[in-house]
Amino acid sequence: MAVFVALGAFLMTLLGGWTAQRVTDRRHLVLGLAGGLMLGVVGLDLLPEALDAAGGLVFGVPAALLLFVAGFLVAHLVERLLAVRQAAHGAEEVNGRAPQVGLTAAAAMVGHSLMDGVAIGAAFQVGGGMGLAVALAVIAHDFADGFNTYTITSLYGNARRKALAMLFADAVAPVVGAASTLLFTIPEQLLGGYLGFFGGALLYLAAAEILPEAHHEHPARSTVLCTVAGAAFIWLVVGIAD
């Protein structure tokens, strides 16, 4: 049952990626929406789940928040190191951005989608009602995952075929994750820590990369409205799922 439900996430991810590539003439709006979706996923979905699952304190601070900050810093360091390496080797960059950064970010989103599938499978082990509730949340926000995976990969100058390959990997990942729970389970605290770390990395990409790029050439009010709409959409999804 869990694997069958995860096929919905597969289709929704592909739909998100298809939407992203069909609106290239409104790139600033796409990026504004992507930034809002990412912000909403982090603040309204990933971080609350991480705090619930990994609620232990480390020197008075929840472990999930420490990992959240660590994820933000690691994303920043990885981007800087890859950019410096590109410049040192004289490799071509697109708009001053290292293509490897986009692939690394997309790979992280594939990892997140894999854990989404694991979450679906684990929830079905608890009960059918819990499984369906988790599946609804995953399927709904996998549209954003597919949208963001394609957008991030393309933003950093990677070829369309690479963006499509990462999109397909992101779509397949929840199915693989759900199937894996037939063999083993992941401790709740470890899952919470991962969500916190990934949330920090995703927030960095949204705040430091996606949104500034959206406003670079088109500082329009419509771009801001797209960002707000993206965050509001995730709020709606979380509210319906709960």
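Cut-offs and rules
- What you see as residue numbers is a count from 1 along each chain, following the sequence as written.
- The predicted origin of the model limits local features to residues at a pLDDT of at least 70 and limits the giving and counting of side-chain atom pairs to 80 or more, whereas totals for whole chains, interfaces and linings rest on all residues.
- Only heavy atoms go into the side-chain values, all of them from the structure, while hydrogens and water stay out.
- Only DSSP runs of H or I covering at least 4 residues are called helices, and only runs of E covering at least 2 are called strands; the numbering of each starts at the N terminus.
- Summary of the burial criterion: residues with accessible area below 20% of their type's maximum are buried, those above 50% are exposed, and those between are partly exposed, where the area comes from a 1.4 Å probe applied to protein chains only.
- Here, residues are in contact when the closest pair of their heavy atoms is within 4.5 Å.
- The Shrake-Rupley method, run with a 1.4 Å probe sphere, supplies the accessible areas, and residue values consider only the shown protein chains as cover.
- Put simply, two rings from Phe, Tyr or Trp (the six-membered ring, in Trp's case) pair if the centres are within 6.5 Å, and we call them stacked under 30 degrees between planes, edge-to-face over 60, tilted for the rest.
- The residues that make up patches have over 30% relative accessible area and no salt bridge, and they are joined within 9 Å when like-charged or within 5 Å when they are Val, Leu, Ile, Met, Phe, Trp or Tyr.
- The rule for a salt bridge is simple: a side-chain nitrogen of Lys or Arg has to be within 4 Å of a carboxyl oxygen of Asp or Glu.
- Nine residue types can take part in a nonpolar core, namely buried Ala, Val, Leu, Ile, Met, Phe, Trp, Tyr and Cys, and a core is a set of them joined through side-chain atoms within 4.5 Å.

## Focus on the overall build of the protein
Step number 1: Looking only at helices and strands, the protein has 8 helices and 2 strands in total.
Step number 2: Counting helices and strands in the order they occur from the N terminus, the protein gives α-α-β-β-α-α-α-α-α-α.
Step number 3: The 242 residues of the protein split such that 48% are buried.
Step number 4: Contacts spanning at least 24 positions in sequence make up 82% of the contacts within the protein whose residues lie at least 6 apart.
Step number 5: Element-wise, carbon and sulfur atoms account for 70% of the exposed surface of the protein, whose accessible area totals about 11,500 Å².

## A few points about the environment of Ala2
Step number 1: Locating Ala2 in the fold gives a position in helix α1 (residues 2-22).
Step number 2: When the C-alpha positions of Ala2 and Ile120 are compared, they lie 6.3 Å apart, and in sequence the two are 118 residues distant.

## Quick notes on the packing of aromatic side chains
Step number 1: One pass over the full model with this rule turns up 2 aromatic pairs.
Step number 2: Ring plane angle 85° and centroid distance 6.2 Å describe the contact between Phe10 and Phe168, whose orientation is recorded as edge-to-face. Of the two residues, Phe10 sits in helix α1 while Phe168 sits in helix α6 (residues 160-180), which places them 158 residues apart along the sequence.
Step number 3: Residue Phe168 is classed as partly exposed on the basis of its relative accessible area, which comes to 48%.
Step number 4: Relative to Tyr204, the ring of Phe72 lies with its centre 5.2 Å away and its plane at 90°, an arrangement referred to as edge-to-face. With a gap of 132 residues between them, Phe72 in helix α3 (residues 63-88) and Tyr204 in helix α7 (residues 188-216) connect regions that are remote in the sequence.
Step number 5: By relative accessible area, which is 6% here, Tyr204 ends up buried.

## Focus: a nonpolar patch on the surface
Step number 1: Residues Leu51, Val58, Phe59, Val61, Leu65 and Leu66 make up a contiguous nonpolar surface patch of roughly 530 Å² in combined accessible area.
Step number 2: Mapped onto the elements of the fold, Leu65 is located in helix α3.

## A look at the environment of Val30
Step number 1: The topology assignment puts Val30 in helix α2 (residues 27-53).
Step number 2: Linking Val30 and Ala214, residues 184 residues apart in sequence, is a C-alpha distance of 7.9 Å.

## Here we look at the nonpolar core
Step number 1: Counting residues in each nonpolar core, the largest one holds 39 residues, and the members touching the most others are Met38, Phe147, Ile152, Leu202, Leu205 and Ile210.
Step number 2: Secondary-structure elements contributing two or more residues to this core are α2, α3, α4 (99-126), α5 (128-155), α7 and α8 (221-241).
Step number 3: Setting aside chain neighbours within four positions, we find Leu205 in contact with Met38, Ala105, Ile152, Tyr156 and Ile210.
Step number 4: Of all hydrophobic cores here, the second largest spans 13 residues; its members include Ala9, Ala135, Ile139 and Val175.

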